[in-house]
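A look at the structure
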Amino acid sequence: MQKLARTYGPVTGFYLGPTQPMISVVGTEAVREALQNNDLNGRPSGAILLSRTFGERLGLIFVDGDVWQEQRRFTLRHLRDLGFGKTSIEDQMMDEIADLISEISTTAKSNPDHVVDFKSIFSVSVINILWAIIGGKRFQRDDPKFKKLLDNIDQFLGSGNVAQANLPIPAFLVRLFPSLPGRLGIKTQLFVPIQKFIEETIDEHLTTRSKGDVARDYMDVYLDEMEEQLKTNGSTSTFSKKQLISSIQDLFAAGSHTSSSGIGFVVLYMIHYPTIQQKIRDELDDICGDSLPSLAHRSRLSYTEAVLMEVTRTASVVPLAVPHRAMKNTQLQGFTIPKGSILAISLHSAFKDPTAWGDPENFRPERHLDQNGKVIKNDAFTPFGLGKRICLGEPLARNTVFLFVASLVKTFEFQSVPNEALPTLEPNSGILSSPKPFKAVVIPRVLNQRKEN
Ligand code: HEM
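Given the structure is predicted, the values throughout are model-derived calculations rather than measurements.

Of all residues adjacent to the ligand, which total 27 residues, the nearest are Ala254, Gly255, Gly385, Cys391 and Gly393. Within the residue set of the shell around the ligand, elements represented by two or more residues are helix H13 (241–272) and helix H18 (394–411). In terms of residues, the shell around the ligand owes the most to one element, H13, which gives seven residues.

Rendered as structure tokens:
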């Protein structure tokens, strides 16, 4: 995309196959304009995407028009009531963090060199937080069913790429050649066990839910609404069991590996930049004293915030957002975008835009602070997107990454493994970008102090 932009400018159109216009959008200005143009708020469809959701356009991510508006509004409102972005979920997060800290401590102590393998270690905690809001249950880290589930999500998100997933392949071709998505590297069959697991939990809710009681979680509020809508709107309602399964599947897919990769990248960068790690720790000690950081401390932890922002900018967890689709003919940077075009909007290009950052290639948290040490926001910094399609989980994601990172850095010192090369910063790239598995030496700080004494 960057190459296209160097030759043709920030907005480049081309055809994928004989009829599908694709538009590549690069650079801060074009990216911001595209994200804020409501005519570009559609999403692509196609047999591969439909095969994730029972052959119908369902869920939250790959729907548009009235279904998207109704389902997004409902989900946003109730997830907010159930704790998204609120301190009410903070206790739950702190329980997960305590659990994670204890696991990391045990692993570090059980090993004479204190080496800990960070592969998938954060996903369990992040999914538990998400699942508490959606389905009200907590998993044990070593639950084999849960491990299998994580594995499936992992493999799906690591498979294929955005362009392939959006190829406008007709449904009959996929029926004739079921292996077609697989040949393109897209493993849609991995969704079957995830859907089965979600459906079993919905059925459990249907039997244990008492009408009139306060809703326990997202599933309860959704089932209430489904019944209401069936009474008032009958078969025209957009609320259904399949839609609920698809929405939860989308929340899982969008919310689990993004936040856990966000946390993983920060730990990885801290191994590469020990001085920055120590500066965060000094700030945390100064502001939080002996206690673990909380959301109430956040506004005073500007340096920590700036480091999180800089890792987010450099690592680019969702490099191309989710593809958008033109709902009607419209304009972008003076060009006509024909109805039906699919747009790949490079958030990543804005994070690396020299006009916006000066020295984008350098890792420099201070760029997010003003002369008084207060956090400033650059227009090119849109890791969650912008406009009506902005990430639905932004408040939860930001709180999760902050609390985990701050608590971990307060509790442990992360170092590279002696006599081994530093773990690579080069990400695994698929639809999402995630850190390659890495190991680190983890020194619990109490142990550290004992050593010094
Ligand atoms: C560090 C963590 C995260 C990042 C960087 C991130 C980023 C993004 C981005 C860039 C988009 C696409 C915006 C667009 O297409 O214009 C998106 C969409 C979305 N995100 Fe996130 N996200 C994160 C965490 C989460 C979490 C925790 C959830 C929910 C549990 C979530 C739910 C969603 C959903 C449902 C959409 C689709 C919204 C729509 O199409 O209307 N995300 N996210």
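Pairing of strand S1 (residues 11–16) with strand S2 (residues 20–25) involves six bridges; the strand directions are antiparallel. In the sheet register, Phe14 faces S2, and the bridge partner there is Met22.

Quick look at the UniProt feature "binding site: heme" (unreviewed entry) in the chain now. Taking the numbering used here, the UniProt-annotated feature "binding site: heme" (unreviewed entry) corresponds to Cys391. Assignment of secondary structure puts Cys391 in the loop between helix H17 (354–357) and H18. Judged by local crowding, Cys391 falls into the buried class, with 20 C-beta atoms found within 10 Å. Ignoring anything within four residues of it in the chain, the contact list for Cys391 reads Phe384 and Gly385.

The N-to-C vectors of helix H11 (residues 191–208) and helix H12 (residues 218–233) enclose an angle of 70 degrees; their axes lie 10 Å apart at closest approach. Relative to H12, the element H11 lies roughly perpendicular. For H11 against H12, the interelement crossing comes out right-handed. Here Thr201, Ile202, His205 and Leu206 of H11 lie close against H12, whose contacting residues are Met219, Asp220 and Leu223. Across the contact of H11 with H12, the residue classes break down as four nonpolar, two polar and one charged.

Topologically, Leu403 is positioned in helix H18. Taking the number of C-beta atoms within 10 Å as the measure of exposure, Leu403 has 23 and is therefore buried. Sequence-distant contacts of Leu403, that is, excluding residues within four places in its chain, are made with Met93, Ile97, Pro293 and Leu295.

So, how was this worked out
- Residues numbered from 1 in each chain as written.
- Predicted model: local features only at pLDDT ≥ 70, side-chain atom pairs only at ≥ 80, totals over all residues.
- Near = placed C-beta within 6 Å.
- Helix = DSSP H or I, 4+ residues; strand = E, 2+ residues; numbered from the N terminus.
- Pairing = 2+ DSSP bridges.
- UniProt positions renumbered as here; feature names shortened; annotations may be inferred.
- Buried ≥ 20, exposed ≤ 12 C-beta atoms within 10 Å, placed from the backbone.
- Contact = placed C-beta atoms within 7 Å.
- Axes fitted to C-alpha atoms, helices over the stretch in contact; angles between N-to-C directions.
- Parallel < 35°, antiparallel > 145°, perpendicular 65-115°, else oblique.
- Left-handed = near helix turned anticlockwise from the far one by under 90°.
- Nonpolar A, V, L, I, M, F, W, Y, C, P; charged D, E, K, R; others polar.

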